Amino acid sequence: GWSGTIQGAADLVRGRLPMGPPNHVAAVMNVLLPLAIVYGFLGKHLLLRLFHLACALLMLCGVLFALSRGALLNLAIVAGLSLAYVFLTRAGRRPR
């Protein structure tokens, strides 16, 4: 959301983003977030893992700033399932 002032009081206002309405922007980020989480934890190269985790963090912030209740609910479900997949996959790996 965008911060605006109305008679001296700061309010959080949902604005129109360059990509469209905040709900649509948050939906796009929620679609890409699981990929960034999984590649961030299970990637092979350290730089790529850090890049994907940074992208996941930026998408998380974007969903939070969009102030979409549906996107926040979807975020909780998608992030939870992605992290569960990561930890179950890591548990199945054998140490080398």
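Below you will find a few notes about this structure. No experiment lies behind these values; they were computed from the predicted model shown.

Conventions adopted
- Residues numbered from 1 in each chain as written.
- Predicted model: local features only at pLDDT ≥ 70, side-chain atom pairs only at ≥ 80, totals over all residues.
- Heavy atoms only, no water.
- Core = buried A, V, L, I, M, F, W, Y, C linked by side-chain atoms within 4.5 Å.
- Buried < 20%, exposed > 50% of the residue type's maximum accessible area, 1.4 Å probe, protein only.
- Helix = DSSP H or I, 4+ residues; strand = E, 2+ residues; numbered from the N terminus.
- Contact = heavy atoms within 4.5 Å.
- Expected span 1.5 Å × (residues − 1).
- Arc of directions from axis to C-beta.

1. Concerning the nonpolar core
So, point 1. The biggest cluster of nonpolar side chains holds 13 residues, and the ones touching the most others in it are Ala26, Met29, Leu33, Ile37, Ala56, Met59 and Val63.
So, point 2. Taken together, the elements giving at least two residues each to this core come down to helix 1 (22-42), helix 2 (46-66) and helix 3 (69-92).
So, point 3. In terms of residues, this core owes the most to one element, helix 1, which gives six residues.
So, point 4. If we ignore the near neighbours within four places in the chain, the residues touching Val63 are Ala26, Met29, Asn30, Ala71, Leu72 and Leu75.

2. Remarks on helix 1
An α-helical segment advances 3.6 residues per turn. Residues three or four places apart therefore align on the same side.
So, point 1. Counted at 1.5 Å a residue, the expected span for helix 1 with its 21 residues is 30 Å, and the 30 Å between its end C-alpha atoms agrees.
So, point 2. Buried residues of helix 1: Pro22, Val25, Ala26, Met29, Asn30, Leu33, Ala36, Ile37, Val38, Gly40 and Leu42, and no others.
So, point 3. Contacts made by the buried residues of helix 1 are with helix 2 and helix 3.

3. Observations regarding helix 2
So, point 1. With 21 residues, helix 2 should cover 30 Å at 1.5 Å per step; its first-to-last C-alpha distance of 30 Å lies within 8% of that length.
So, point 2. Listed in full, the buried residues belonging to helix 2 are Ala56, Met59, Gly62, Val63 and Ala66. Projected onto a plane normal to the axis of helix 2, the buried residues spread over an arc of 120 degrees and lie on a single side. Residues of helix 2 that are exposed and angled more than 90 degrees away from the buried face: Leu46, Leu47, Leu57, Leu58 and Phe65.
So, point 3. Looking at the buried side of helix 2, the elements it contacts are helix 1 and helix 3.
So, point 4. Count one or two residues on from helix 2 and you reach Leu67, which has phi positive near 55 degrees.

4. Structural notes on the environment of Met19
So, point 1. When you line up the elements, Met19 lands in the loop between strand 2 (9-13) and helix 1.
So, point 2. Judged by its relative accessible area of 61%, Met19 is exposed.
So, point 3. In this view, Met19 contacts Val25 and Val28; residues no more than four positions away in its chain are not counted.

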